[in-house]
Amino acid sequence: MSSERVAIDGHELALTNLDKVLYPATGTTKAEVIAYYAEVAQVMLPHLRQRPITRKRYPDGVGDGTEPGGVFFAKNLAEGTPDWVRRYRIEHRSGPNDYPVADDVATLVWLAQLAALELHVPQWRFAADGTPQPPDRLVLDLDPGEGVELGACAEVAGWVGEALAGAGLTAFPVTSGSKGIHLYASLDGSLSTEEASTVAHELANALQAAHPDRVTSVMRRSGRDGKVFLDWSQNNGSKTTVSPYSLRGRERPWVAAPRSWDELSRPGLRQLEFGEVLERLPDGDLLAGLLTRPDRLATYRSLRDGAKTPEPVP
Ligand code: ATP
Ligand code: MN
Ligand code: MN
């Protein structure tokens, strides 16, 4: 198995098992996974910065789950983590955990070297002193039930996007790289996680009321067939969502890929593989607006409060 020592951002990294196949269906190697993260870093890092990263690791690649190395969610930092990897502590009820944050290419490459194919993050970021800040984005996780095609899920996403727009929020779609779609909207930091969760939950309830045959806001799995479950729960401060631009540990190297509303409405919509995402890099980040345009509080507070008419924006 080939290995290599590289210097990135002034840090020396040992890359090992570079020709190991992590995605048997496509023959995608660890070298390709590392190269993907190094290249996508330019658009991915701004979304990851200062968020604690839960890693889903696939040391022996993706497959049927019987690989000797298994698949596991890693929260705490492993021993041997280089000291230049920045980290913050979260005091869980089960005890403290140190989480890495990624704000440089070297950290992303280090994560890829660990076969951390999936990077999951919450909707909030740490302040420089390690204090969790209020959420800077809202997420709605659209989970298609049995028999629902991605295109039909995208149609529901359009309705959710319109509802968010009615509340003053611009929605940005991401195909999850698995089955469904994630919708993000930027928040200006004036809502607590509880308030953001409430907004998302009420929005999901309103959409179920408007489209009872196509949408459910109820968590239980039964009754989801033929419908899209609008999962509001990932706004909870202790929950995570796979980061935009993360690879997925599915049979093919699909990516949680930002999409335009236009392509979402075209026939034949499908998940994108990493090569397709790299081809789009010259076009820039479709989620750039998520970072530069924190949406105004006044209009969506009215949604939370159930007001019939939006409050005037001061
Ligand atoms: P799909 O499109 O298939 O729904 P998804 O990524 O949206 O893909 P979900 O099952 O809808 O998957 O979302 C569940 C989320 O909960 C995951 O994305 C992950 O962030 C989080 N999660 C699940 N299990 C764990 C765990 N053990 N530790 C940390 N986070 C977890
Ligand atoms: Mn989902
Ligand atoms: Mn879900």
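This structure is a prediction, so every number in the text was calculated from the model and none was measured.

Colleague: Explanation requested: the domain arrangement of the protein chain in the structure shown.
Modeller: Interface size is commonly expressed as the accessible area that is lost once the parts come together. Taken domain by domain, the protein chain comprises domain 1 (4-121) and domain 2 (137-304). Relative placement of domain 1 and domain 2: their C-alpha centres are 24 Å apart. Opposite the 25 residues of domain 1 that make contact, domain 2 presents 27 residues. Taken together, the two surfaces of domain 1 and domain 2 that pack against each other cover about 2,300 Å², and 63% of this comes from carbon and sulfur. Put simply, domain 1 and domain 2 have one salt bridge between them. Between Glu 118 and Arg 248 there is a salt bridge; the shortest N-O distance is 3.1 Å. Counting across the interface, domain 1 meets domain 2 through twelve residue pairs in polar contact (both at pLDDT 80 or more). Going through the elements one at a time, helix H1 (30-48) and strand E9 (118-121) are the ones with two or more residues in the side of domain 1 that touches domain 2. At twelve residues, the largest contribution of residues to the side of domain 1 that touches domain 2 is made by H1. Grouping the constituent residues of the side of domain 1 that touches domain 2 by class yields 15 nonpolar, six polar and four charged.

Colleague: Just to check I follow, could you spell out the environment of Tyr 36 for this structure?
Modeller: Within the secondary structure, Tyr 36 sits in helix H1. Residue classification places Tyr 36 among the buried positions, given a relative accessible area of 1%. Between the C-alpha atom of Tyr 36 and that of Val 255, which follows or precedes it by 219 residues, the distance is 11 Å.

Colleague: What am I meant to see in the coordination of the manganese ion (ligand 3) here?
Modeller: Four donors placed tetrahedrally around a metal ideally meet at 109.5 degrees, and six donors placed octahedrally ideally meet at 90 or 180 degrees. Binding of the manganese ion (ligand 3) to the protein goes through Asp 141 (OD) and Asp 143 (OD), at separations of 2.1 Å. A separation of 3.5 Å is found between the manganese ion (ligand 3) and the manganese ion (ligand 2), which share Asp 141 as a coordinating residue.

Colleague: What exactly am I supposed to notice about the side chain of Asp 285 here?
Modeller: Among the secondary structure elements, Asp 285 is positioned in the loop between helix H6 (274-279) and helix H7 (288-292). Only 2.8 Å separates the side chain of Asp 285 from the backbone nitrogen of Leu 287, close enough to count as a polar contact. In contact with Asp 285, not counting residues within four places along its chain, are Val 43, His 47, Tyr 245 and Leu 291.

Colleague: Explain the packing of aromatic side chains here, please?
Modeller: Working definition: an aromatic ring pair is given by the centre-to-centre distance plus the angle between the planes. This model, assessed by the stated rule, comprises five aromatic pairs. Both rings, one in Tyr 36 and one in Tyr 37, keep their centres 5.3 Å apart while their planes meet at 70°; by these two values the pair is edge-to-face. By the burial criterion, Tyr 36 is buried, and Tyr 37 matches it. With a centroid separation of 6.4 Å and an interplanar angle of 80°, the aromatic rings of Phe 229 and Trp 232 are classed as edge-to-face.

Colleague: Even after reading the chapter, I still don't get the sheet that holds strand E6 (residues 72-74), so can you show me in this structure?
Modeller: Note: strands within a sheet are paired through backbone hydrogen bonds, in either parallel or antiparallel orientation. The strand order across the open sheet formed by four strands is E6-E5-E9-E15, and the pairing between neighbours is antiparallel. The open sheet has two free edges, formed respectively by E6 and strand E15 (241-242), since each of these has just one partner strand. As paired strands, strand E5 (residues 54-57) and E6 are joined by three bridges and run antiparallel to one another. For Arg 55, the partnering residue across the bridge sits in E6 and is Ala 74.

Colleague: Help me out: how do you make sense of the coordination of the manganese ion (ligand 2) in this one?
Modeller: Around the manganese ion (ligand 2), the donor atoms from the protein are Asp 141 (OD) and Asp 143 (OD), and they sit 2.0 Å away. A relative accessible area of 22% places Asp 143 in the partly exposed class.

Colleague: Sorry if this is basic, but what is going on with the site of ligand 1 here?
Modeller: Close to ligand 1 lie 16 residues; His 120, Ser 176, Ser 178, Gly 180 and His 182 are nearest. Between an oxygen atom of ligand 1 and a main-chain N or O atom of Gly 180, the distance comes to 2.6 Å. One of the side-chain N or O atoms of Gln 234 is found 3.2 Å from an oxygen atom in ligand 1. In the complex, the protein chains occlude 69% of the 610 Å² of accessible area that ligand 1 would expose alone. Contributions of two or more residues to the shell around ligand 1 are made by strand E10 (137-144) and E15. Among the residues forming the shell around ligand 1, the class breakdown is two nonpolar, nine polar and five charged. Residue assignment places the shell around ligand 1 across two domains, with domain 1 (4-121) and domain 2 (137-304) each supplying three or more.

Colleague: How should the packing of H1 against helix H2 (residues 105-113) be read in this particular structure?
Modeller: Two packed helices can be described by the angle between their axes and the distance between those axes. Two elements in contact, H1 and H2, have axes separated by 8 Å at closest approach and are oriented at 140°. Taken together, the axis directions place H1 and H2 in an arrangement best described as oblique. The handedness of the crossing between H1 and H2 is right-handed. Of the residues in H2, those touching H1 at Lys 30, Val 33, Ile 34, Tyr 37, Ala 38, Ala 41, Met 44, Leu 45 and Leu 48 are Val 105, Leu 108, Val 109, Ala 112 and Gln 113. When the residues that make up the contact of H1 with H2 are grouped by side-chain class, the tally is twelve nonpolar, one polar and one charged.

Colleague: Quick question: what am I supposed to make of the pairing of E9 here?
Modeller: Successive residues of a regular strand alternate their side chains across the two faces of the sheet. A two-sided burial pattern is seen for E9, the buried positions comprising Glu 118 and His 120 on one face and Leu 119 and Val 121 on the other. The sheet contact formed by E5 and E9 spans three bridges and is antiparallel. Bridge pairing links Lys 56 to Glu 118 in E9. Two strands pair when backbone bridges link them, and E9 and E15 are joined in this way by two bridges, in the antiparallel orientation. Bridge assignment links Val 121 to a residue of E15, and that residue is Thr 241.

The rules behind each value
Each chain carries its own residue numbering, running from 1 in the direction its sequence is written. Each chain is given a letter, starting from A, and each ligand a number, starting from 1, according to the order in which they appear as written. Local features in this predicted model are restricted to residues whose pLDDT is 70 or higher, and side-chain atom pairs enter the listing and the counts only when it is 80 or higher, whereas totals over whole chains, interfaces and linings include all residues. Calculation of side-chain values draws on the structure's entire complement of heavy atoms; hydrogens and water are dropped beforehand. All the domain ranges listed were derived from an automatic or database domain assignment. Whether two residues touch is decided by their heavy atoms; if any such pair falls within 4.5 Å, the residues are in contact. When two components associate, each loses some accessible surface as probed by a 1.4 Å sphere; the sum of these losses over both components is called the buried area. Salt bridges, as used here, are contacts in which a Lys or Arg side-chain nitrogen is within 4 Å of a carboxyl oxygen on Asp or Glu. Counted as a polar contact is a pair of N or O atoms within 3.5 Å, where, for protein atoms, one must be capable of donating a hydrogen and the other of accepting one, and residues adjacent in sequence contribute only when both atoms are in side chains. A run of H or I in DSSP becomes a helix once it reaches four residues, and a run of E becomes a strand once it reaches two; helices and strands are each numbered from the N terminus. Classes in brief: Ala, Val, Leu, Ile, Met, Phe, Trp, Tyr, Cys and Pro nonpolar; Asp, Glu, Lys and Arg charged; the others, Gly included, polar. Relative accessible area decides the class of each residue, using a 1.4 Å probe on protein chains only: under 20% of the type maximum gives buried, over 50% gives exposed, and in between gives partly exposed. We call an atom a donor if it is N, O or S and sits within 2.8 Å of the metal, or 3.2 Å for Na, K and Ca. Water is not counted, so some sites may look partial. Ring pairs are drawn from Phe, Tyr and Trp, using the six-membered ring of Trp, whenever the two centres fall within 6.5 Å, and their geometry is named by plane angle: stacked under 30 degrees, edge-to-face over 60, tilted for the rest. Two strands pair if DSSP finds at least two bridges between them. When we say a residue is near a molecule or strand, we mean one of its heavy atoms is within 4 Å of it. Surface accessibility follows the Shrake-Rupley procedure with a 1.4 Å probe radius. Residue values consider only the protein chains on display as shielding. Axis geometry follows a simple rule: fit a line to the C-alpha atoms, using only the stretch in contact for helices, then measure angles between N-to-C directions, giving values from 0 to 180 degrees. When an angle is under 35 degrees it counts as roughly parallel; over 145 it counts as roughly antiparallel; between 65 and 115 it counts as roughly perpendicular; any other value is oblique. If you view the pair so one helix is near and one far, a crossing is left-handed when the near helix is turned anticlockwise from the far one by less than a right angle, and right-handed when it is turned clockwise.

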